[in-house]
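Structural overview for review
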Amino acid sequence: MNVWIIYDGTLGINKRVADLVGVLLIKGNTIRILSTKDVKASDLAVLLPDILVLGMSHKTTRSLKGIEQVADDIAKAFQARDAKCEKVAAWEICDSKDLIGKEDAAIKAIVDQV
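Quick caveat, the model's predicted, so the values are computed rather than measured.

1. Digging into the pairing of strand β3 (residues 51-57)
Most of β3 sits out of view: six of its seven residues are buried. Judged from the five bridges that link them, strand β1 (residues 2-7) and β3 form a sheet pairing that is parallel. Of the residues in β3, the one forming a bridge with W4 is L52. Where β3 meets strand β4 (residues 87-93), seven bridges bridge the pair, whose relative direction is parallel. Across the sheet, I51 pairs through a bridge with K87, a residue of β4.

This is the structure:
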């Protein structure tokens, strides 16, 4: 299956989570890990994900706008092809201190969604 893990964030925390989720989902899947800045309309014209995982930080309006725009673009691409995504999962980091010592459980919770 094609798995797209799309994150937004500036401190590297969401990138780290995306990478860890990708490692856990790699078996039997093709993984693409993208920042919201790296998702292009041309990507959506060629290939759509079977599994979509989105992640962002809670406290940034820019992050919310980035994820909203990407989600909207992906939804439009699915509608244009009359296609459906098999599974969707998401994470939101409210405070990076929330993850300290809980990274494994947090990553497992994300992966369990898919």
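2. Some remarks on helix α1 (residues 13-25)
Helix length check: α1 (13 residues) gives 19 Å between terminal C-alpha atoms against 18 Å at 1.5 Å per residue, within 8%. Among all positions in α1, only N14, V17, A18, V21, G22 and L25 are buried. Taken around the axis of α1, the buried residues stretch over an arc of 135 degrees, which confines them to a single face. In α1, the exposed residues that point more than 90 degrees away from the buried face are V23 and L24.

3. Some thoughts on the pattern of salt bridges
Under the defined criterion, the tally for this structure stands at three salt bridges. Residue D43 pairs with R32 through a salt bridge whose shortest N-O separation is 3.7 Å. Of the two residues, D43 sits in helix α2 (residues 41-46) while R32 sits in strand β2 (residues 30-35), which places them eleven residues apart along the sequence. Look at D43 and you get buried, because its relative accessible area is 16%. For R32, a relative accessible area of 25% corresponds to the partly exposed category. Of the charged contacts, one joins D72 and K76 as a salt bridge, the two residues approaching to 3.1 Å between their closest N and O atoms. Within this pair, D72 and its partner K76 are both found in helix α3 (residues 61-81), separated by four residues, close to a single helical turn. Given the relative accessible area of 35%, D72 is considered partly exposed.

4. Topic: the packing of aromatic side chains
Within a pair of aromatic rings, the relevant descriptors are the distance that separates the centres and the angle that separates the planes. A full pass over the atoms with the stated rule returns zero aromatic pairs. Taking the ring centre of W4 as reference, the NZ or CZ of R32 above it sits at 4.9 Å.

Rules and cut-offs
Residues numbered from 1 in each chain as written. Predicted model: local features only at pLDDT ≥ 70, side-chain atom pairs only at ≥ 80, totals over all residues. Heavy atoms only, no water. Buried < 20%, exposed > 50% of the residue type's maximum accessible area, 1.4 Å probe, protein only. Helix = DSSP H or I, 4+ residues; strand = E, 2+ residues; numbered from the N terminus. Pairing = 2+ DSSP bridges. Expected span 1.5 Å × (residues − 1). Arc of directions from axis to C-beta. Salt bridge = Lys/Arg side-chain N within 4 Å of Asp/Glu carboxyl O. Phe/Tyr/Trp six-rings, centres within 6.5 Å; stacked < 30°, edge-to-face > 60°. Lys NZ or Arg CZ within 6 Å of the ring centre and 35° of its normal.

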